[in-house]
Amino acid sequence: MKTVYSTIHRCHADLKELHSIGFGAAFEKPERAENIIAAITEVNLGMIVEPIRQSIRDLYSVHDEAYVGFLSTVFAEWSKTYGTPQALPTTWPRRGLRNNVIPRSLDGRLGYYSFDVGAPIVEGTWSAALESAFSALTAADMITLGEQSVFALCRPPGHHAGRDFMGGYCYLNNAALAAQRLREKGADRVAVLDIDYHHGNGTQQIFYERSDVFVANIHADPDEEYPYFLGFADERGASSGEGSNLNIPLPLQTTIALYLQALSHAMALIKDFGAEALVVSLGVDTFENDPSAYFRITTEDYKVIGCTISSLRVPTVFVMEGGYAAKQIGQNVVNVLMGFLE
Ligand code: SP5
Ligand code: ZN
């Protein structure tokens with residue numbers, strides 16, 4: 001299996017995150033991707049190629065043009081205004097406030113284009129997010145050219161980013177871009193399977209009213225876990241997308257037995273849907289020793305998860321999402337991919 005990867009992700013670094021207990025180093029750091037590349041090289045998974053440059057217009061297939069413009073310029077504006085190394089939003093529209101007015105103010109726009117304080121913007125964020133998106137698009141194109149499976153080692157991740165908002169370490173929705181590209185290049189029906197610990201609220205939003213992209217999410221119950229405000233089982237799609245969204249929230253402390261029941265169910269529905277291509281939002285923050293999460297999937301378990309996903313037998317793009325146990329992230333990812341190939 002080939003991997004698409006750009007070292008530009010390293011410019012998205014020295015990130016500070018607002019944790020519940022205070023401000024500190026972000027979980028989402030460059031070592032994550034470096035360790036995955038090391039593990040892939042170690043097992044000879046396949047060639048590692050650079051993403052092919054795409055046009056900014058290619059992002060507009062799933063993102064709002066003004067949002068993309070904001071992302072590409074916000075750090076320069078922040079730097080001129082405040083001179084500090086990291087931009088963060090502090091105020092958001094919510095019930096009782098207007099959510100259809102884009103403020104002229106920089107801080108107003110930061111709040112308008114985000115849903116939490118979890119997507120810090122530093123000098124290199126835009127170039128890294130763009131290369132990450134290009135990696136997913138390149139991986140989708142490689143499928144179109146005949147590859148059976150490709151791994152897009154995206155960093156920053158993308159599944160929390162919606163049509164016009166960032167959040168949860170995500171800026172551009174890499175998985176949604178890949179799915180849309182597969183649709184445009186001839187797959188009539190595409191499925192997204194999101195196995196990150198957190199619900200992929202951005203991906204769900206982007207495809208919620210569409211019948212040509214089935215979105216399945218297996219994640220920690222939003223009643224207990226981030227992102228809290230989307231990802232419940234009764235969200236099944238709307239208008240012509242009615243029935244093409246599947247959420248399987250699972251309890252904290254979930255282990256592989258229950259997890260595999262959920263995964264098999266999701267795979268069966270994706271098969272019934274008639275998917276001709278699959279995009280897997282691959283998060284390994286379901287890992288038992290993840291520092292920020294509460295599932296109990298083991299390093300060995302990831303092989304079985306990969307193997308279960310391969311049962312669909314359609315061309316598959318893996319898109320990297322979360323996973324914060326930096327020391328074990330490489331082996332966990334390799335096990336999913338090797339389990340898939342075996
Ligand atoms: C892509 C991705 O996985 N984004 C996740 C963003 C989660 N941000 C909020 C995390 C809240 C973590 N709770 C900390 C518990 C510490 N033991
Ligand atoms: Zn996650």
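Above this text sits the structure in question.
K.L.:
I'm lost on the overall build of the protein chain in this one. Help?
P.N.:
The number of helices and strands found in the protein chain is nine helices and 10 strands. Taking 342 residues into account, the globule formula puts the C-alpha radius of gyration at 20 Å, and the protein chain, at 18 Å, falls close to it. The dimensions of the protein chain, computed from C-alpha atoms along their principal axes, are 55 × 45 × 40 Å. Summarising the internal contacts of the protein chain: among those between residues at least 6 apart in sequence, 78% fall at separations of at least 24. Accessible surface, the protein chain: about 14,000 Å² in total, of which carbon and sulfur atoms supply 52%. Counting 26 positive and 40 negative side-chain charges, the protein chain places the centres of these two groups 4 Å from one another.

K.L.:
Hey, could you run me through the packing of helix 4 (residues 125-144) against helix 5 (residues 174-184) in this one?
P.N.:
Each pair of packed helices can be summarised by the angle the axes make with each other and by the distance between the axes. Where helix 4 contacts helix 5, the two axes come as close as 8 Å, and the packing angle between them is 30°. Judged by the angle between their axes, helix 4 and helix 5 are roughly parallel. At the point where helix 4 passes helix 5, the crossing takes the right-handed sense. Contacts from A129, S132, A133, A136, L137, A140, D141, I143 and T144 of helix 4 reach helix 5 at N174, L177, A178, R181 and L182. Looking at the contact of helix 4 with helix 5, its residues break down into nine nonpolar, three polar and two charged.

K.L.:
Would you take a moment to explain the coordination of the zinc ion (ligand 2) for this structure?
P.N.:
Where a metal carries four tetrahedral donors, each ideal angle is 109.5 degrees; where it carries six octahedral donors, the ideal angles are 90 or 180 degrees. For the zinc ion (ligand 2), the full set of protein donor atoms is D196 (OD), D196 (OD), H198 (ND1) and D285 (OD), at a range of 1.9 to 2.8 Å. On the primary sequence, the residues serving as donors to the zinc ion (ligand 2) are separated as D-x1-H-x86-D. Remark: D285 occurs in the loop between strand 9 (277-282) and helix 8 (301-310) and H198 occurs in the loop between strand 6 (190-194) and helix 6 (201-207); sequence separation between them is 87 residues.

K.L.:
Would you take a moment to explain the pattern of salt bridges for this structure?
P.N.:
Two side chains that carry opposite charge are able to pair once their charged atoms sit near each other. One pass over the structure, following the stated rule, counts 11 salt bridges. With a shortest N-O distance of 2.7 Å, E28 and R155 are connected by a salt bridge. Residue E28 is found in the loop between strand 3 (22-25) and helix 1 (31-42), and its partner R155 is found in the loop between strand 5 (149-152) and helix 5; the two are separated by 127 residues along the sequence. For the pair E28 and R155, one class covers both residues: buried. With a closest N to O distance of 2.7 Å, D141 and K185 form a salt bridge. Pair noted here: D141 is in helix 4 and K185 is in the loop between helix 5 and strand 6, with a separation of 44 residues, a long-range link. A residue is classified by how much of its surface remains accessible, and D141, at 16% relative accessible area, is buried. Connected via shared salt-bridge partners are D58, D141, R181 and K185.

K.L.:
When you look at the packing of helix 8 against helix 9 (residues 329-341) in this model, what are you seeing that I'm missing?
P.N.:
In the contact formed by helix 8 and helix 9, the axes pass within 6 Å of each other and the chain directions differ by 35°. For the crossing formed where helix 8 meets helix 9, the hand is right-handed. Where helix 8 abuts helix 9, its residues Y302, K303, G306, C307, I309 and S310 lie against N332, N335, V336, G339 and F340.

K.L.:
Can you help me understand the side chain of T138 in this one?
P.N.:
With respect to the helices, strands and loops of the structure, T138 is situated in helix 4. Taking the relative accessible area as the measure of exposure, T138 reaches 4% and is therefore buried. Within the local environment of T138, its side chain forms a polar contact with the backbone oxygen of F134, the two atoms lying 2.7 Å apart. Among all residues touching T138, those that are not within four sequence positions of it are V4, E50, P51, I52 and Q54.

K.L.:
Got a minute to help me understand the packing of aromatic side chains in this structure?
P.N.:
Here the distance between the centres and the angle between the planes together describe a pair of aromatic rings. Inspection of the entire model under this criterion finds 13 aromatic pairs. Plain terms: the ring middles of W78 and Y82 are 4.4 Å apart, the flat faces sit at 45° to each other, and that makes the pair tilted. Here the residue W78 and the residue Y82 both occupy positions in helix 2 (residues 65-82), the gap between them amounting to four residues, near one helical turn. A relative accessible area of 8% means that W78 is categorised as buried. Taken together, a centroid distance of 5.3 Å and an interplanar angle of 40° make the contact between F214 and F273 tilted. With F214 in strand 7 (residues 213-220) and F273 in helix 7 (residues 256-273), this residue pair connects regions lying 59 residues apart in the sequence.

Conventions adopted
Residues numbered from 1 in each chain as written. Chains lettered and ligands numbered in written order. Predicted model: local features only at pLDDT ≥ 70, side-chain atom pairs only at ≥ 80, totals over all residues. Heavy atoms only, no water. Helix = DSSP H or I, 4+ residues; strand = E, 2+ residues; numbered from the N terminus. Rg over C-alpha atoms; globule rule 2.2 N^0.38 Å. Contact = heavy atoms within 4.5 Å. Areas by Shrake-Rupley, 256 points an atom, 1.4 Å probe, with all protein chains shown as cover. Lys, Arg positive; Asp, Glu negative; His and termini not counted. Charge placed at Lys NZ, Arg CZ, Asp CG, Glu CD. Axes fitted to C-alpha atoms, helices over the stretch in contact; angles between N-to-C directions. Parallel < 35°, antiparallel > 145°, perpendicular 65-115°, else oblique. Left-handed = near helix turned anticlockwise from the far one by under 90°. Nonpolar A, V, L, I, M, F, W, Y, C, P; charged D, E, K, R; others polar. Donors = N, O, S within 2.8 Å, 3.2 Å for Na, K, Ca; no water. Salt bridge = Lys/Arg side-chain N within 4 Å of Asp/Glu carboxyl O. Buried < 20%, exposed > 50% of the residue type's maximum accessible area, 1.4 Å probe, protein only. Polar contact = N/O pair within 3.5 Å; in protein donor to acceptor, adjacent residues only side chain to side chain. Phe/Tyr/Trp six-rings, centres within 6.5 Å; stacked < 30°, edge-to-face > 60°.

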